[in-house]
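Summary of the model geometry
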Amino acid sequence: MRIESRLSWLAVAAGSALCASAAAVGADARWLAALGGTIARAGRIPSSIPYAAAPSHDWVNVPVLGELVFHWLEALGGDRGLVAAQAIAVAATLTLVLRDMRAAGASDGARALVIVGIPFAAVSALFVVRAQLLSLPFFALLVLLLRAEARRASLRVWLIVPLVALWSNLHGAVLLGLLVVTAYLLLERIKRDRWLALGVLVGSWGALFATPALARTGDYYLGVLHGEPAASGFGLWATLSLRNPLDVLFVAVVVPLLWFAVRAQPRRWELACLALLAASAVHVGRNSVWLVLFVAAPAAAGIRFRRSRPAPGVLVACAWAVPILLVVTAFVRTPAQAVAGPVLRADAARLAAGKPILADAEDAEQLALDGRRVWIANPIDAFDRRDQKLYLSWLRGRPAGDALLRRHDAVLVQVASAAQRRIAHIRGFREVARDSAAVLYARR
């Protein structure tokens, strides 16, 4: 390791180790493993959601490779396997961002400072295991490639096409990546290589359809973008809000980064991407991570430190004890329980007596992974819009969602959730059992 980069690598190691020791499995993770398991066992892609009773006929399944990856990770290590994959994805992402910063000419201290800020600005993306983990290194690699091409154009730009094709089979954030590619090709590359830029542009958007769904891939993305959660800003589709502490932390970190980035005088295509990604983050809060990863390199280049003596080698060596300790902690700790435990889930299955279980999103995903049948679960966009709306009304604790309760004998909900608070006051149901994460209700 070169002396001038020791603080940067320490920051990468600390961020990755912190993720490994603190990450938890969240919603939008276990359903991929459940569907991936179904595909692996059956040897074919189902046209509906096999673990849900609500109608989902003729659903277009695009991220099949992502589902298989999650299935293999969960089969190998359960929640620990998913958390380990998250830590590896974060380590790869931060390493790629570091290389982007070095290519931009940022100093070691500036690189380290920005990398330290990234985990705080993107807590929900880096410390919660979701399908999004598959996109983190892909987005960082794409940005690194585009900036390298902007500095020195070459035929490597064609690597974008296979990158998009692989990414499209993993996760839907490929759409944002394609918008960044489009901005680069139309605002930067087309000025020197018109036909090459247009060829890569057409090839990249065509690669989006290199999935098992082929021409119907567009139907999948339209279904996701026009589903009830996206339309109503529910859950992972919630807008950026200053009432959310994590969103406030994001704003506190990203605003100075944007200022330093503008100070570094980025190219026109980069300014367009910053504006696009900022608007995307405001519209959907979970998209904030893409803005953070994109702004990191120009922000580090815009930070100017007065020349000072490098940190003593002994001090830096001692600081490495922190990520090492965090990695050890990651190996010995049990991931936090965010869903009903196995005993409570088994009680719910016995109570349902073969009928579908009504459960919140995270518990429904875990029940599906257990091989149980639920009424509805992620991916929510696979179902009829009316059923989506009814389910979200129930999750929000609204009276309109009570219609679902009349259809089910077993209801499993998160402790202190809106749905749990409402059902606790409905006379037709009684509490049967609970654990630290969930409560099981039965019809009286």
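See the structure shown above.
Quick summary incoming for the structure in this document.

Across its full length, the chain holds 21 helices and six strands. In terms of overall dimensions, the chain is globule-like: its C-alpha atoms have a radius of gyration of 23 Å, near the 22 Å expected for 444 residues. For the C-alpha atoms alone, the extent of the chain along its principal axes is close to 75 × 55 × 40 Å. Each of the 444 residues in the chain was classed as buried or not, and the buried ones make up 53%. Residue pairs in contact within the chain that sit at least 24 positions apart in sequence constitute 73% of those at least 6 positions apart. Charge-centre separation for the chain: the mean point of 48 positive side chains lies 6 Å from the mean point of 28 negative side chains.

Reading across the sheet, the four strands line up as S3-S4-S6-S5 and stay open at both edges, with mixed pairing between neighbours. Each edge of the open sheet carries a strand with a single partner, namely strand S3 (358-359) and strand S5 (429-434). Where S5 lies against strand S6 (residues 438-443), five bridges are found, and the strand directions are antiparallel. Within S6, the position partnered with Ala 433 by the bridge is Leu 440. Strands strand S4 (410-414), S5 and S6 of the sheet are contacted by helix H17 (residues 342-352), whose axis makes an angle of about 15° with S6.

Quick look at the environment of Ile 380 now. In this structure, Ile 380 sits in the loop between helix H18 (361-370) and helix H19 (385-395). Ile 380 gets classed as buried once you look at its relative accessible area, which sits at 10%. Ile 380 sits 324 residues away from Ser 56 along the chain, and the two C-alpha atoms are 9.5 Å apart. In contact with Ile 380, not counting residues within four places along its chain, are Pro 229, Gln 388 and Tyr 391.

Parameters and conventions
- Residues numbered from 1 in each chain as written.
- Predicted model: local features only at pLDDT ≥ 70, side-chain atom pairs only at ≥ 80, totals over all residues.
- Heavy atoms only, no water.
- Helix = DSSP H or I, 4+ residues; strand = E, 2+ residues; numbered from the N terminus.
- Rg over C-alpha atoms; globule rule 2.2 N^0.38 Å.
- Buried < 20%, exposed > 50% of the residue type's maximum accessible area, 1.4 Å probe, protein only.
- Contact = heavy atoms within 4.5 Å.
- Lys, Arg positive; Asp, Glu negative; His and termini not counted.
- Charge placed at Lys NZ, Arg CZ, Asp CG, Glu CD.
- Pairing = 2+ DSSP bridges.
- Axes fitted to C-alpha atoms, helices over the stretch in contact; angles between N-to-C directions.

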